[in-house]
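Take a look at the letters that make up each chain.
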Amino acid sequence: MLDKMKFWNKDNQNGLSIDERLKEVVHFNIPNHIAIIMDGNGRWAKKRALPRVAGHHEGMKTVRKITKVANQLGIKQLTLYAFSTENWKRPKMEVEYLMKLPEEFLGTFLPELVEENVKVTMMGDEEAIPPHTKNAVYKAIEETKENDGLILNFALNYGSRAEILDGVRHVLKDVQNGILNEKELTEEVFSKYLMTKDFCDPDLLIRTSGEIRLSNFMLWQLAYTEFWFTDVLWPDFSEEHLVEAIEAFQGRSRRFGGLKSEE
Ligand code: FPP
């Protein structure tokens, strides 16, 4: 990989425009998988004296914008935390609104996603998701299944601890049934028991809105991920912010617990 930091002046981004920065960033190490905790919709709405759901609606538009630019940058997988297993605790009206958003998003943008070669996937406990929500996502999964561009993975009714426990239950069952030998249970094998079995681990995690926590998101998969936190609220998150996060990622030295060859 080219050493970007040798000539990159982070403070003024070398005076480049966003288009130039977009062109520049692709010459370096683009993360394969970006995971995003999209936070701050409620505060965005509150600042404007709007109902919280207006923030979620604006956040949906950001999803469209960021998907498009991620695809253009050649990112392979984008996982978005759209609804956590804890989000059911919110007022009924807000939950119902959040469960309508995938329909609205896909109702509006699915033809464009098909056109742009984006493949839609979903991870989470599907049982509790209302049929109208999951049917909209299933339709998108079906219509984009042959696409081989960006994978847009919605984490819907997702919780990482439940995912890991479920994986453990399946492992125990497979051991009992003689499908898996206990001695063969490596980290790599266990990864195949998780909802992300077809994904690589995220290279970069972004969380918006100034909160510095993981909120039960991809706890296993984020073991060696680079984290990037910003105070920007999700509805205000722009192409520039994504590029900024990727630039920061490109300036990091990933050692995965080892040493760099020159150290
Ligand atoms: C957290 O902000 C955000 C959510 C719980 C929902 C995220 C959903 C979207 C961004 C839209 C999803 C779009 C699609 C297409 C599925 P918050 O409400 O906790 O904000 P706050 O911390 O400021 O209150």
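Cut-off values and rules
Residues numbered from 1 in each chain as written. Predicted model: local features only at pLDDT ≥ 70, side-chain atom pairs only at ≥ 80, totals over all residues. Heavy atoms only, no water. UniProt positions renumbered as here; feature names shortened; annotations may be inferred. Helix = DSSP H or I, 4+ residues; strand = E, 2+ residues; numbered from the N terminus. Rg over C-alpha atoms; globule rule 2.2 N^0.38 Å. Buried < 20%, exposed > 50% of the residue type's maximum accessible area, 1.4 Å probe, protein only. Contact = heavy atoms within 4.5 Å. Areas by Shrake-Rupley, 256 points an atom, 1.4 Å probe, with all protein chains shown as cover. Lys, Arg positive; Asp, Glu negative; His and termini not counted. Charge placed at Lys NZ, Arg CZ, Asp CG, Glu CD. Salt bridge = Lys/Arg side-chain N within 4 Å of Asp/Glu carboxyl O. Axes fitted to C-alpha atoms, helices over the stretch in contact; angles between N-to-C directions. Parallel < 35°, antiparallel > 145°, perpendicular 65-115°, else oblique. Left-handed = near helix turned anticlockwise from the far one by under 90°. Pairing = 2+ DSSP bridges.

- Per an unreviewed UniProt entry, the recorded name for the protein chain is Isoprenyl transferase, and the organism is Bacillus coahuilensis p1.1.43.
- Turning to the protein chain, the UniProt annotation filed under Function (unreviewed entry) states: "Catalyzes the condensation of isopentenyl diphosphate (IPP) with allylic pyrophosphates generating different type of terpenoids."
- Under the UniProt heading Sequence similarities (unreviewed entry), the entry covering the protein chain gives this text: "Belongs to the UPP synthase family."

**Observations concerning the overall build of the protein chain**
Part 1 of the argument: Check the secondary structure of the protein chain and you find eight helices and six strands.
Part 2 of the argument: Each helix (α) and strand (β) of the protein chain, taken in turn from the N terminus, gives the series α-β-α-α-β-α-β-α-β-α-α-β-β-α.
Part 3 of the argument: Taking 263 residues into account, the globule formula puts the C-alpha radius of gyration at 18 Å, and the protein chain, at 19 Å, falls close to it.
Part 4 of the argument: Once the C-alpha set of the protein chain is aligned to its principal axes, its extents read approximately 60 × 55 × 35 Å.
Part 5 of the argument: Within the span of the protein chain, comprising 263 residues, buried residues form 47% of the whole.
Part 6 of the argument: When contacts within the protein chain are restricted to residue pairs at least 6 apart in sequence, those whose partners lie at least 24 apart make up 76%.
Part 7 of the argument: Total accessible area computed for the protein chain in this model is approximately 14000 Å², and 52% of it derives from carbon and sulfur atoms.
Part 8 of the argument: Taken together, the 35 basic and 42 acidic charged side chains of the protein chain have centroids lying 4 Å from each other.

**Brief notes about the pattern of salt bridges**
Part 1 of the argument: Going through the model one piece at a time under the given rule, you end up with 18 salt bridges.
Part 2 of the argument: With its nearest N and O atoms 3.1 Å apart, the salt bridge here joins K92 to E96. In this pair, K92 and E96 both sit in helix α4 (residues 92–115), four residues apart, roughly one turn of the helix.
Part 3 of the argument: Assessed through its relative accessible area of 64%, K92 is described here as exposed.

**Concerning the packing of helix α3 (residues 52–73) against α4**
Any two packed helices are characterised by how steeply their axes cross, that is the angle between the axes, and by the distance between the axes.
Part 1 of the argument: Close contact between α3 and α4 brings their axes to 10 Å; oriented N to C, the two are set at 30 degrees. Here α3 is positioned roughly parallel relative to α4, judged by the angle of their axes. For the pair α3 and α4, the sense of crossing is right-handed. Residues R52, V53, H56, H57, M60, V63, R64 and T67 of α3 form the contact with α4, whose participating residues are M93, E94, Y97, L98, L101, E104, F105, F109, E112 and L113.

**Let's talk about the UniProt feature "binding site: Mg(2+)" (unreviewed entry) in the protein chain**
Part 1 of the argument: As annotated in UniProt, the feature "binding site: Mg(2+)" (unreviewed entry) corresponds to D39 and E226 in the numbering used here.
Part 2 of the argument: Tracing the backbone shows D39 in the loop between β1 (33–37) and α2 (41–47).
Part 3 of the argument: With respect to the helices, strands and loops of the structure, E226 is situated in strand β6 (residues 226–229).
Part 4 of the argument: Exposure remark for E226: the relative accessible area of 15% places this residue in the buried category.
Part 5 of the argument: Filtering out sequence-adjacent residues up to four positions away, E226 remains in contact with D203, L204, L205, F249, R252 and R254.

**Some details on the sheet that holds strand β4 (residues 151–158)**
The pairing of strands in a sheet comes from backbone hydrogen bonds and takes either a parallel or an antiparallel form.
Part 1 of the argument: Pairing in this open sheet of six strands is parallel, and the strands run β3-β4-β2-β1-β5-β6 from one edge to the other. Only two strands of the sheet have a single partner each, and these edge strands are β3 (119–123) and β6. In this sheet, adjacent strand axes meet at a mean angle of 20 degrees when their direction is disregarded.
Part 2 of the argument: Here β1 runs beside strand β5 (residues 204–207); their pairing, made up of four bridges, is parallel. Looking across to β5, one finds that I36 is bridged to I206.
Part 3 of the argument: In the packing of α4 onto the sheet, the strands contacted are β2 (77–84), β3 and β4, and the crossing angle to β4 comes to about 165 degrees.

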